[in-house]
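Listed below are the residues making up each chain.
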Amino acid sequence: FPNNTDIEFPCPDGAVWFRMQIHALAEIRPLTADRLPDYANVIRNSFATVARDFGLTKENCPYHPAFISDEALVKKIKDGYMTFGYFVGDTLFDFVAITNMGGGIYEVNRLSIFPEWRHYGYGKRLLGFCKEKVKELGGEKINIEIVEENKVLKEWYAANGFVHTGTEKFEGLPFLIGHMEWRAI
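Because the structure is predicted, anything quoted here is derived from the model rather than measured.

What counts as what
- Residues numbered from 1 in each chain as written.
- Predicted model: local features only at pLDDT ≥ 70, side-chain atom pairs only at ≥ 80, totals over all residues.
- Heavy atoms only, no water.
- Pairing = 2+ DSSP bridges.
- Helix = DSSP H or I, 4+ residues; strand = E, 2+ residues; numbered from the N terminus.
- Axes fitted to C-alpha atoms, helices over the stretch in contact; angles between N-to-C directions.
- Contact = heavy atoms within 4.5 Å.
- Buried < 20%, exposed > 50% of the residue type's maximum accessible area, 1.4 Å probe, protein only.
- Right-handed = clockwise from strand over helix to strand, strands pointing away.
- Parallel < 35°, antiparallel > 145°, perpendicular 65-115°, else oblique.
- Nonpolar A, V, L, I, M, F, W, Y, C, P; charged D, E, K, R; others polar.
- Salt bridge = Lys/Arg side-chain N within 4 Å of Asp/Glu carboxyl O.
- Patch = residues over 30% accessible without salt bridge, like charges linked within 9 Å, V, L, I, M, F, W, Y side chains within 5 Å.
- Areas by Shrake-Rupley, 256 points an atom, 1.4 Å probe, with all protein chains shown as cover.

(A) Representation of the sheet that holds strand E8 (residues 163–168) within the structure. Pairing in this open sheet of 7 strands is mixed, and the strands run E3-E4-E5-E6-E7-E9-E8 from one edge to the other. Bordering the open sheet on either side are strand E3 (26–30) and E8, each of which pairs with just one other strand. The sheet shows a mean angle of 25° between the axes of neighbouring strands, taken without regard to direction. Alignment of E8 against strand E9 (residues 177–183), held across 5 bridges, turns out to be antiparallel. Bridge pairing in E9 links Thr-167 to Gly-178. Sheet strands touched by helix H3 (residues 122–136): E3, strand E4 (82–88), strand E5 (91–102), strand E6 (105–113), strand E7 (141–147) and E9. Its angle to E5, the strand with the most contacts, is close to 30°. Along the sheet, helix H4 (residues 151–159) contacts E6, E7, E8 and E9; its crossing angle with E7, the most-contacted strand, is approximately 165°.

Written as C-alpha cells, this is what we have:
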C-alpha cells in the first residue's frame, strides 16, 4: 500500500465497518559509510541465489556480486556509486547504486534484495526510486547489465520498462552479459 492509505473492511458478520490508515514503515535513504559492511552483506546475500542457480563460484566468477568484498564496495563508492538503501527502522534489506556514466546516461548497479523480502514490491519501488532520481539528476537513460540466461530477471526488468539491447561475452565469465535500458523521455 502507498503511504497513508485508508482502507475499509467489514467485520465477519458485516455488522460493523472498520477504517484503518496504513503507514508504510519502509523508506529509501541515502547510505553512509558507517554501515558499509551491512551494504556488502545485503549484496552478497541477495546475489547468492543467482550464484547458486547458475553455478557461479569464487573460482569461476570471482567478480560476481555474490562474492563482493567490503573493500571492493568501498572502491566502487569512491569511483562514483551513489548508494541507497531500503530500511524498516534501522534494518537494511535492499541496496542499490546509481552511477553517472556521463552524457545523461546512468547505470543502476547491484539492485539487491534479501531473498526473504522479495515478492512484496520493494524491488519495483526501489527501481522506481532510481528512475525518479535519474530524472531529477537530468538523466535520460538507465543502463543495466544482467546474466543473460536469467530469464526471470530479464522479464522482471522488461515488465518495469526496460528494453533488451544486446549481449556481450567477456573472457573469463561463464555466462553472457545481457544489456537492457530504460529511457526517461
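That was the structure; now back to the text.
(B) View of the pairing of E7. In terms of burial, E7 is a largely internal element, 5 of the 7 residues being buried. In this region the chain leaves E6, passes through H3 and returns to the parallel neighbour E7; the handedness of that crossover is right-handed. Bridging between E7 and E9 involves 7 bridges; their strand directions are antiparallel. Bridge assignment links Val-147 to a residue of E9, and that residue is Ile-177.

(C) Expanded view of the packing of helix H1 (residues 36–53) against helix H2 (residues 70–78). It is the contact of H1 with H2, at a shortest axis distance of 9 Å, that shows an interaxial angle of 105°. Viewed along their axes, H1 and H2 adopt a mutual orientation that is roughly perpendicular. Counted together, Leu-36, Pro-37, Tyr-39, Ala-40, Ile-43 and Arg-44 of H1 and Asp-70, Leu-73, Val-74 and Ile-77 of H2 form the full contact between these two elements. For the contact of H1 with H2, a count of residues per class yields 8 nonpolar, no polar and 2 charged.

(D) Highlighting the pattern of salt bridges. Counted according to the given criterion, the structure contains 11 salt bridges. A salt bridge links Arg-29 to Glu-27; its shortest N-O distance comes to 2.8 Å. Across the pair Arg-35 and Asp-38 runs a salt bridge whose closest N-O atoms are separated by 2.5 Å. Residue classification places Arg-35 among the buried residues on the basis of a relative accessible area of 19%. Within the structure, one salt-bridge network assembled from shared partners comprises Arg-35, Asp-38 and Asp-90.

(E) View of a nonpolar patch on the surface. A contiguous nonpolar patch, built from Phe-9, Val-16 and Phe-18 and spanning about 240 Å² of accessible area, is present on the exposed surface. Along the chain, Val-16 falls in the loop between strand E1 (5–10) and strand E2 (17–22). Of the residues examined, Val-16 reaches a relative accessible area of 40% and is grouped as partly exposed.

Honestly, it's all geometry; don't read function into it.
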